[in-house]
Amino acid sequence: MNTGAVTSSELLAAVASRELAGKNTVFAGIGLPTLAVSLAQLTVAPDVEIVYESGVCGAHPSHLPETIADSVLITGSEAVLSMPALFGYVLQGGRIDVGFLGAAQIDRWGNLNSSVIGEWDAPKVRLPGSGGAMEVMANSREVFVVMRRHDPRSLPAELDFCTSPGPDRALRDGIRPRGAGVTRVITDLGILARDGVGEELRLVATHPGVTVEQVRAATGWDLAVADELATVEPPTEAELGLLRAQVDPDRVYLR
Amino acid sequence: MNTGAVTSSELLAAVASRELAGKNTVFAGIGLPTLAVSLAQLTVAPDVEIVYESGVCGAHPSHLPETIADSVLITGSEAVLSMPALFGYVLQGGRIDVGFLGAAQIDRWGNLNSSVIGEWDAPKVRLPGSGGAMEVMANSREVFVVMRRHDPRSLPAELDFCTSPGPDRALRDGIRPRGAGVTRVITDLGILARDGVGEELRLVATHPGVTVEQVRAATGWDLAVADELATVEPPTEAELGLLRAQVDPDRVYLR
Amino acid sequence: MHKPVAEPVRRPDKTTTMREAIAAHVTDGATVALEGFTHLIPTAAGHEIIRQGRRDLTVARMTADIVTDQLIAGGCVRKLVSSFVGNSTAGSLGELRRRIETGQPEPLEYEEYSHYGMICRYLAGAQRLPFYPLRSYAGSDVPSVNPGIRKLTSPYPGPDGEPEQIYVVPPLNPDVTIIHAQRADRAGNTQIWGLTGIQAEAAYAARKVIVVVEEVVADEVVRSDPNRTVVPAHAVDAVVECPHGAHPAFAQGYYDRDGEFYRGWSHISKDPERLQRWLDEWVRGTADHAEYLAKLGAGTRQRLSVGEAWSEPVNYGRRL
Amino acid sequence: MHKPVAEPVRRPDKTTTMREAIAAHVTDGATVALEGFTHLIPTAAGHEIIRQGRRDLTVARMTADIVTDQLIAGGCVRKLVSSFVGNSTAGSLGELRRRIETGQPEPLEYEEYSHYGMICRYLAGAQRLPFYPLRSYAGSDVPSVNPGIRKLTSPYPGPDGEPEQIYVVPPLNPDVTIIHAQRADRAGNTQIWGLTGIQAEAAYAARKVIVVVEEVVADEVVRSDPNRTVVPAHAVDAVVECPHGAHPAFAQGYYDRDGEFYRGWSHISKDPERLQRWLDEWVRGTADHAEYLAKLGAGTRQRLSVGEAWSEPVNYGRRL
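Everything numeric here is computed off the predicted structure, so don't read it as measured data.

Conventions used here
- Residues numbered from 1 in each chain as written.
- Chains lettered and ligands numbered in written order.
- Predicted model: local features only at pLDDT ≥ 70, side-chain atom pairs only at ≥ 80, totals over all residues.
- Heavy atoms only, no water.
- Salt bridge = Lys/Arg side-chain N within 4 Å of Asp/Glu carboxyl O.
- Helix = DSSP H or I, 4+ residues; strand = E, 2+ residues; numbered from the N terminus.
- Buried < 20%, exposed > 50% of the residue type's maximum accessible area, 1.4 Å probe, protein only.
- Pairing = 2+ DSSP bridges.
- Axes fitted to C-alpha atoms, helices over the stretch in contact; angles between N-to-C directions.
- Contact = heavy atoms within 4.5 Å.
- Core = buried A, V, L, I, M, F, W, Y, C linked by side-chain atoms within 4.5 Å.
- Buried area = accessible area lost by both parts, 1.4 Å probe.
- Polar contact = N/O pair within 3.5 Å; in protein donor to acceptor, adjacent residues only side chain to side chain.
- Nonpolar A, V, L, I, M, F, W, Y, C, P; charged D, E, K, R; others polar.
- Phe/Tyr/Trp six-rings, centres within 6.5 Å; stacked < 30°, edge-to-face > 60°.
- Lys NZ or Arg CZ within 6 Å of the ring centre and 35° of its normal.

Enquirer: Sorry if this is basic, but what is going on with the pattern of salt bridges here?
Expert: Side chains that differ in charge, positive against negative, can pair when their charged atoms come close. Using the criterion set out here, one finds 68 salt bridges over all chains in the structure. For C:E111, the salt bridge identified is with C:R121, shortest N-O distance 3.1 Å. Taken together, the residues span a long stretch of sequence, with C:E111 in strand β7 (residues 109–112) and C:R121 in helix α5 (residues 115–126) at a distance of 10 residues. What makes C:E111 buried here is its relative accessible area of 16%. Residue C:R121 is classed as buried on the basis of its relative accessible area of 7%. Taken together, the shared-partner salt bridges in this structure form one network comprising C:D225, C:R228, D:D225 and D:R228.

Given below as structure tokens:
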């Protein structure tokens, strides 16, 4: 198997999967996050359970699901929860170890914008909004963000609008945060990390062949770099084999 | 049919049933209240639905139920609600027209005590407490109380403890009440009534042969009497026939 | 064997047509909640609202997707209350974006929440509470554009012994809530399986409730499994039988999601003229959902059909 | 046909014995919620707590009935948190009344609520909220004897435009919640039908959860009907199979309520010596619930047996 042919999706899924070792419950949307969790179930975290925003727990899908509410996630699953139970008892109840989120913009504190580009009341682009992202951010022990494109528009110095705030913004609002907020940002250039309140995202690893300067140039703020910068280990043959043969054989999301 | 043989239970059930004309949803416990509602379903209120504190709606019991949670109420019923739905959406949601309550003591404003006789922290008698009575009182459009024994201990000048307050006490506590509180007290001597906030219970009807003086002597406060005092019409032959032949043929509650 | 004790003499029959249900309960200017989280979206009811030309509605819907875009394009909506405005994973809502981004052909008022913010509004509505507290919104910009989201101080000390603040949202009490379900009896006892979403709370929060179902079933079917009833009859005002009424969404066990339609909507809705032609042809040009379905064709219905995966029955027991 | 995507390699097996579950999760001084509203009362678990001689427990239970009286008489309980203390419709709880009325043989702390007050405490606990608002308690004497019940002012004006006050209760987060259910799989996905009460919220509110079931069933049984799962596996720590474990309460579809036992309890519990003899004979004198059941005899089990009333299955559908 030629690892030179590794796609960006395979890379991101494999790297994200490794971060799930030791985790029990993951809140994830369809696409890269579910690929990462599915791979983790076959490798570092066999017992990890995905909870879907639609209310499905313990899914055993017969086909690759197309949405978080796909009928194949429901048939044969272990439990289906109402929205008040899913959001109230599971998410706000503090049952989620890792939440996966995406966003149009993320800033250095791990705050997310998924509402608008431009001014909120006269936006250049109206984006979908929070959905459950605000709740995932506020209540998960930690949050992983996977960004397909690492560029200054997606990682700006200032968000156009903060939809889903991390713990530092919550604190400034006078409310004690519960989780660490974003602890990992996995991009096509490398991995940014922070531990929790008071910490900025720092570059902790780059993909092979990517330089620190490349990453800093692609980041909208003056990106700090960890003292011990690592190089991301590319997907192993075992990881690629599982992704390609078992997790997404039709390459629906491994594009 | 000799109406001279009418029992106190038959009398109370028949009188209470007539008050249900035009009502849609009734919250009732097992015993006299369910007898009254069952009779009303066969006479003045064919569509009236009993909601049980256990969460059962639209029960079609195969046998006379022994408790509000009897398995025969569940099998073949139309819906079974969780406690949060029953108390939150149905009761507090304002869906109940008439709630039936009992109590150890009721005062002139329709406040109820079902907690203690004596001091709360060193009671002579520890009673069961509120159960859902406080919620039935606070949220039903009106409340009917059926008292088997009309005496000054059950209808005292002062409650030993107010478990389930009527709207006047709520108002004094700075909270705007939602329902009228107790509007009917049906006893073995007659019927007391009030319309809502600011009104005392007044004697509006006596059973045949019962004098006003008897009722006033049996009441712990200086009981007001309506200008036009009625005499309660005894159970009709039709009512007695239905009670005895269809509602409670084994006379489980018609004792 | 005892005789049944409280067998009602009759049960009200609330079945009606979609036309009559919408005409009776959805009035110009009303607040209308259409709920169903991806599953069981009341599309057919939305189309009938367009056919009847309702105006100035405030539409509440957690996931404002295709049917919302259609209602907006149909000229029915003055204001949208929502927590997610997107065409699922399949692209954008063209009309909604135009209204918000350009104000053309006319502006759309938008009240933004998170999903749990909407859920808590329905919870407060169903429970007739003055507010509902939640651990979202701390540090978010959303409260700055939505003054309905407020903060209060808990009367209990926080974990650190200091006063604790928390955000709250106000109740949402729609004039009418419309939901789609797999089945109901004539009286309105409504049964849903698969994703049950926020349907019960949205119904209990409303003044009037229309339930659209794949099938009106015999009382005995419902009564064989009372735990399956998500909305009891006492909370339902009208029952409309409308098979395939959730298309292009799915109804678990009845038909699958029409992914092609979702993907196609981004293209249709991107062009306002094409979108109006689509509405003219598929909604305004059809008398009812039966005509819409006939136009959709047997091939599409076949493509969306599903196989069998039956639940194992449970014993409710019977007194011997 | 695609291969399954996320088929887990294994599922944790949480089945254990009652003895081990109680020993592992119920410690002296703990707050223990035992829930089940008349239906599915975790009696067998209560008996095992008595056998193991736990002390100084705070017991939370909405309807404090026979098993609560037994736990108090067993010397296990320091404090009771409840909203109804009575032997159903069948009389009194002798030990509980003695403790509260006379303080003999030792006093019992009692924290009094209404049913919805307890429900809201579990709701706040499950949702990790600092409080839960409810429209009860206005004008009641209960807040005067329970300082945990407080009042706050809504940040929204009331219907009359004036500030609106409302009572709130604090969260209840038991160290362990014990519930009884009809069935669960090995991982703890717990299915209940008939009255479902407050079991889901009491479980989600707790740090640890023990589920006692009539039957541990194959994964496929649970997975044929995921809407029947009231408590998912992620909220469950131990699964104990214990048939007839709710006696004298009932388990819908499994066995009926033992009305004779309820009526008898008023007499047994009225006399403290008789009550202790009963505990010696039926609880301390039996090794486990199987012995208790054998002692109860086949005749009683026969008397409580129920007939069949099966739910009609529903189709969850399968992608073709």
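Enquirer: How should the sheet that holds strand β10 (residues 163–169) of chain D be read in this particular structure?
Expert: Backbone hydrogen bonds hold the strands of a sheet together, and the pairing may be parallel or antiparallel. Residue and element names in this part refer to chain D. Spatially, the three strands line up as an open sheet ordered β8-β10-β9, and their pairing is antiparallel. Of all strands in the sheet, those bounded by a partner on one side alone are β8 (132–134) and β9 (150–157). Averaged over all pairs of adjacent strands, the angle between strand axes in this sheet comes to 50 degrees, irrespective of strand direction. Alignment of β8 against β10, held across three bridges, turns out to be antiparallel.

Enquirer: Could you clarify how one ought to interpret the arrangement of the chains in this entry?
Expert: Ranking the five pairs of chains in contact by number of contacts places chains C and D first. Between chain A and chain B there is no contact; the minimum C-alpha to C-alpha separation amounts to 11 Å.

Enquirer: Got a minute to help me understand the nonpolar core in this structure?
Expert: In summary, soluble globular proteins display a tendency toward joint burial of nonpolar side chains. Counting 382 residues, the largest nonpolar core has A:F100, B:F100, C:I178 and D:I178 as its most contacted members. Beyond its immediate stretch of four places on either side in the chain, C:I178 contacts C:I22, C:V26, C:V32, C:A33, C:L34, C:E35, C:P42, C:A45, C:I49, C:I210 and C:V212.

Enquirer: Before we go on, may I ask you to explain the environment of D:T68 in this structure?
Expert: Residues and elements named next belong to chain D. Take T68: it is sitting in helix α3 (residues 66–73). Here T68 falls in the buried class, since its relative accessible area comes to 1%. When sequence neighbours within four positions are dropped, the list of residues in contact with T68 reads V59, R61 and L80.

Enquirer: What is the right way to read the interface of chain C and chain D from this model?
Expert: Many structure descriptions define interface size as the accessible area lost when the parts assemble. Counting residues at the interface gives 53 residues for chain C and 53 residues for chain D. Together chain C and chain D conceal approximately 4900 Å² of surface at their shared face, both sides included; 53% is due to carbon and sulfur atoms. Its largest share of buried area at the contact with chain D, chain C owes to C:Y156, C:V314 and C:N315, together 15% of the area lost on that side. At the surface where chain C touches chain D, the tally comes to four salt bridges. Ionic pairing is found between D:R228 and C:D225, a salt bridge with its closest N-O pair at 2.8 Å. Applying the counting rule to chain C against chain D returns 39 residue pairs in polar contact (both at pLDDT 80 or more). Looking at the side of chain C that touches chain D, the elements with two or more residues in it are β8 (132–134), β9 (150–157) and β10 (163–169) of chain C. It is β9(C) that provides the largest number of residues to the side of chain C that touches chain D, a total of eight residues. Among the residues making up the side of chain C that touches chain D, the classes are represented as 25 nonpolar, 15 polar and 13 charged.

Enquirer: Got a minute to help me understand the side chain of C:H234 in this structure?
Expert: With respect to the element layout, C:H234 can be found in the loop between β14 (229–231) and β15 (238–241). Side-chain polar atoms of C:H234 contact the side chain of C:Y204, separated by 2.6 Å. When neighbours within four sequence positions are excluded, C:H234 is seen to be in contact with B:T25, B:E49, B:V51, B:C57, B:V90, B:R95 and C:Y204.

Enquirer: Explain the pairing of strand β8 (residues 116–119) of chain A here, please?
Expert: All names here are of chain A. Bridge count between β8 and strand β9 (residues 122–126): four bridges; the pairing is antiparallel. When the sheet's bridge partners are listed, G118 is paired in β9 with P123. What sits between the antiparallel neighbours β8 and β9 is a turn of two residues.

Enquirer: I'm lost on the packing of aromatic side chains in this one. Help?
Expert: By convention here, two paired aromatic rings are described through the distance between centres and the angle between planes. Residues and elements named next belong to chain C. Summed over the entire model, instances satisfying the criterion amount to 23 aromatic pairs over all chains. On the basis of an interplanar angle of 85 degrees and a centroid distance of 5.3 Å, the ring pair of W265 and W278 is categorised as edge-to-face. Placement of W265 in helix α9 (residues 259–270) and of W278 in helix α10 (residues 272–284) is noted, with a sequence separation of 13 residues between them. Residue W278 is classed as buried on the basis of its relative accessible area, which comes to 8%. Put simply, the rings of F261, W265, W278, W282 and Y292 pair up and form one aromatic cluster. A cation sits over an aromatic face here: K295 above W282, 4.8 Å from the ring centre.

Enquirer: Just checking my understanding: could you explain the side chain of C:H244 for this structure?
Expert: Counting through the fold element by element, C:H244 comes out in the loop between β15 and α9. Once residues lying within four places of it in the same chain are set aside, the contact partners of C:H244 are C:E214, C:Y255, C:H289, C:L293 and C:R301.

Enquirer: What am I meant to see in the sheet that holds β10(C) here?
Expert: All names here are of chain C. Across the sheet, three strands lie side by side as β8-β10-β9; this open sheet has antiparallel pairing. Across the chains shown, the open sheet's two edge strands, defined by having one partner strand only, are β8 and β9. Between one strand axis and the next, the sheet turns through 50 degrees on average, direction left out of account.

Enquirer: Would you take a moment to explain the pairing of strand β5 (residues 98–101) of chain B for this structure?
Expert: Looking down a regular strand, the side chains alternate between one sheet face and the other. Residue and element names in this part refer to chain B. Of the two faces of β5, the one carrying V98 and F100 and the one carrying G99 and L101 are both buried. Bridge analysis of strand β1 (residues 25–27) against β5 gives two bridges, and the strand direction is parallel. Within β5, the residue paired with F27 across the bridge is G99. When β5 meets strand β10 (residues 142–147), the two strands line up parallel, connected through four bridges. Each residue of the ladder has a partner; that of F100, found in β10, is F144.

Enquirer: Could you clarify how one ought to interpret the interface of chain C and chain A in this entry?
Expert: If you look at the interface, chain C gives 49 residues, while chain A gives 46 residues. Carbon and sulfur atoms supply 60% of the area buried between chain C and chain A, which totals about 3800 Å² over both sides. Taken together, chain C and chain A are joined by four salt bridges. The salt bridge involving C:E112 is made with A:R126; its shortest N-O contact spans 2.9 Å. Between chain C and chain A we count 23 residue pairs in polar contact (both at pLDDT 80 or more) in total. Of all elements in the fold, only β6 (84–85), α4 (94–102), β7, α5, α6 (142–145) and β10 of chain C reach the threshold of two or more residues within the side of chain C that touches chain A. The element that contributes the greatest number of residues to the side of chain C that touches chain A is α5(C), accounting for five residues. When the residues that make up the side of chain C that touches chain A are grouped by side-chain class, the tally is 23 nonpolar, 15 polar and 11 charged.

Enquirer: It is not clear to me how helix α1 (residues 8–18) of chain A should be interpreted in this structure. Could you clarify?
Expert: Residue and element names in this part refer to chain A. A large share of α1 lies buried, amounting to nine of its 11 residues. Restricting attention to buried positions, one finds in α1 the residues S9, E10, L11, L12, A13, A14, V15, A16 and S17. Packing partners of the buried residues in α1 comprise α2 (32–42), β5 (98–101), β10 (142–147), β11 (182–187), β12 (190–193) and α8 (237–247).

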